[in-house]
Amino acid sequence: METNQEKHLSSILVDLKDATIHGSGDVVIKNIILDSRKVLPGSLFVALRGTQTDGHQYITTATGLGASAILCEELPENPVGEVTYIQVEDSAAAMGLISAAFYGYPSGKLTLVGVTGTNGKTSVATFLFQLFRALGYRCGLLSTVQNQIEDEIIPSTHTTPDSVALNQLLSKMLASNCSHVFMEVSSHSVAQHRITGLQFAGGIFTNITHDHLDFHKTFDNYIKAKKGFFDQLPKTAFALVNVDDRRGSVMVQNTKAKIETYSLQTLATFKGKIISDTLAGMHMEVNQQEVWFRVIGRFNAYNLLSVYGAAVLLGEKPEEVLTELSNLKSPPGRFEQFHSKDHIVGIVDYAHTPDALENVLETITHLRNGNEKVITIVGCGGNRDAEKRPKMAAIACRYSNQVILTSDNPRFEDPLDILEQMRKGVPPLDYKKTTVIEDRREAIFKAGLEANPEDIILIAGKGHENYQDIQGVKHHFDDKEVLLEVFEKRYSN
């Protein structure tokens, strides 16, 4: 990451408590680099132990390209005399602290709110971003869909960028006169210390269900990673948790932050009740105020409650917050609706966990008027948690009249192997209504051409994504584009 600013090494090491410095702390650092191939004279190269490679293997490359300093856990066998080596116990954690110092602690000069949980992170962060802009603030967004500074869109590759990129983005947001930043905080980012060194004004917990066990190995580890975010919050921050999720209270057991709650089912700081829910919108009571929202579904009722709660905790007036919230639309790929000219409803949703898929299908079930069919198209990603594959198929069968199992992002796995694992979750009584079509485009076309007027087609799993990841190559593919194409074909026929 290049930057125009320069810092003396000693000034960016001030937060490292147990580092051993080999060499001079007076060298000038021009940037912090993770990829040894991008090292320039004046770079601080960070040797990170990753899941695929170990950065310690590239220390010699970095020094050969002119790195002024190396952050590492183990010293190389033949250190270069004029290079300063900073030896630490955990390079990732140290990098977070150094990055924050290098960029002048931007998070502490912003109102930074983090959102964590299995489902709802993107919606909550995006709603907050839209809401606070509507309230007159300049805002930044860090999300799975995209990073954004006001209207400027910066594509995102991870739910949470690495700590260097993160602090650089926050610094850019500060330079653009942003006052508020809303950020998804993934379990990976906590476990990998990407958020270490950041100062949060508040944290929101949405829910926790089965996900990312390919990385965390056990559900307990996954819970601990999410909880780790709240453990790091200072006493000046708020911790807003969904108490209808039985692990909501676990999240804040050790937090120093002020604990606040939201709920649809029990007493809470922010209490909601759904009065009616239709494809057109949702009528709710929020802290005894009746409001009409343009977004729908019980899962969105929770999202809106958390957004309302966070805004009030940040000092906004409840009436103004509800007025602006009533105008918001769902983020791209989150229960996004499309209608054919002959009244078929297509819904594109990012649901890629069993719980998220069940939430979306339960919502569709409640919205049905009569005899319309529900056709669900769903797949599972490759090189990710395989345990959820049969569960996803079973849930699709439970709520749908017709199910098409198809390819998602197979990555480096054989799509047919993934589909076979999904198919094992199909109950014998549902074999007849279930079809396996590997080609995702073909699957969407089959559903779109066979549906009758008023039927509902759910295309789940990819949402906002406009690619398919196959053998490491991202091929253009957009569920929305294909759905609209088949709707147009129906009409032209």
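### A look at the overall build of the protein
Within the protein, the regular secondary structure consists of 16 helices and 26 strands. Here the protein holds 493 residues, and 55% of them are scored as buried. Here the protein contributes 49 positive and 60 negative side-chain charges, whose respective centroids are spaced 3 Å apart.

### Digging into the confidence of the model for the protein
Detailed reading of predicted coordinates is not advised where the pLDDT is low. Averaged over every residue, the pLDDT of the protein is 93; residues scoring 70 or more account for 96%. Segment residues 211-216 is flagged for pLDDT under 50; beyond a separation of four residues in sequence, or across chains, it makes 28 contacts in the model.

### Some thoughts on the packing of aromatic side chains
Under the criterion given, the structure shown has 7 aromatic pairs. Seen from their ring centres, Phe 102 and Tyr 103 are 5.1 Å apart, and the 90 degrees between their planes marks the pair as edge-to-face. The interplanar angle of 80 degrees and the centroid separation of 5.0 Å between the aromatic rings of Phe 200 and Phe 229 together place this pair among those described as edge-to-face. Separated by 29 residues along the polypeptide, Phe 200 in the loop between α6 (187-191) and β13 (202-205) and Phe 229 in helix α8 (residues 219-231) bring together distant segments of the chain. Note on accessibility: Phe 200 and Phe 229 belong to one class, buried. Grouped by ring-pair contacts, the aromatic residues Phe 132, Tyr 137 and Phe 182 constitute a single cluster. Here Lys 462 stacks its cationic end above the ring of Tyr 467, 5.0 Å away from the centre of that ring.

### Concerning the nonpolar core
Among the nonpolar cores identified, the biggest contains 37 residues, and Leu 128, Leu 131, Ile 204, Met 284, Phe 293 and Leu 325 are the most heavily contacted of them. Secondary structure elements with two or more residues in this core: β8 (111-116), α4 (121-134), β9 (139-142), β14 (238-242), β17 (281-286), β18 (289-293), α10 (298-313) and α11 (318-325). For this core, the element with the most residues is α10, which contributes 8 residues. Once you skip the residues sitting within four places of it in the chain, Phe 293 turns out to touch Gly 281, Met 282, Met 284, Val 286, Leu 304, Leu 322, Leu 325 and Ser 326. In terms of nonpolar packing, the next biggest core, distinct from the first, is built from 30 residues, Phe 335, Val 374, Val 403 and Ala 460 among them.

### Some points on the sheet that holds β18
With mixed pairing, 11 strands are arranged side by side in an open sheet as β11-β10-β9-β12-β8-β13-β14-β15-β16-β17-β18. If you trace the sheet from one side to the other, it starts and ends with β11 (152-155) and β18, each paired once. This sheet shows a mean twist of 20 degrees between the axes of neighbouring strands, independent of strand direction. Strand direction decides the pairing type here: β13 and β14, joined by 4 bridges, are parallel. When the sheet's bridge partners are listed, Ile 204 is paired in β14 with Leu 240. Contacts from helix α5 (residues 163-175) reach β8, β9, β10 (146-149), β11 and β12 (180-184) within the one sheet, and its direction differs from that of β9 by about 160 degrees.

What counts and what doesn't
- Residues numbered from 1 in each chain as written.
- Predicted model: local features only at pLDDT ≥ 70, side-chain atom pairs only at ≥ 80, totals over all residues.
- Heavy atoms only, no water.
- Helix = DSSP H or I, 4+ residues; strand = E, 2+ residues; numbered from the N terminus.
- Buried < 20%, exposed > 50% of the residue type's maximum accessible area, 1.4 Å probe, protein only.
- Lys, Arg positive; Asp, Glu negative; His and termini not counted.
- Charge placed at Lys NZ, Arg CZ, Asp CG, Glu CD.
- pLDDT = per-residue confidence, 0-100.
- Contact = heavy atoms within 4.5 Å.
- Phe/Tyr/Trp six-rings, centres within 6.5 Å; stacked < 30°, edge-to-face > 60°.
- Lys NZ or Arg CZ within 6 Å of the ring centre and 35° of its normal.
- Core = buried A, V, L, I, M, F, W, Y, C linked by side-chain atoms within 4.5 Å.
- Pairing = 2+ DSSP bridges.
- Axes fitted to C-alpha atoms, helices over the stretch in contact; angles between N-to-C directions.

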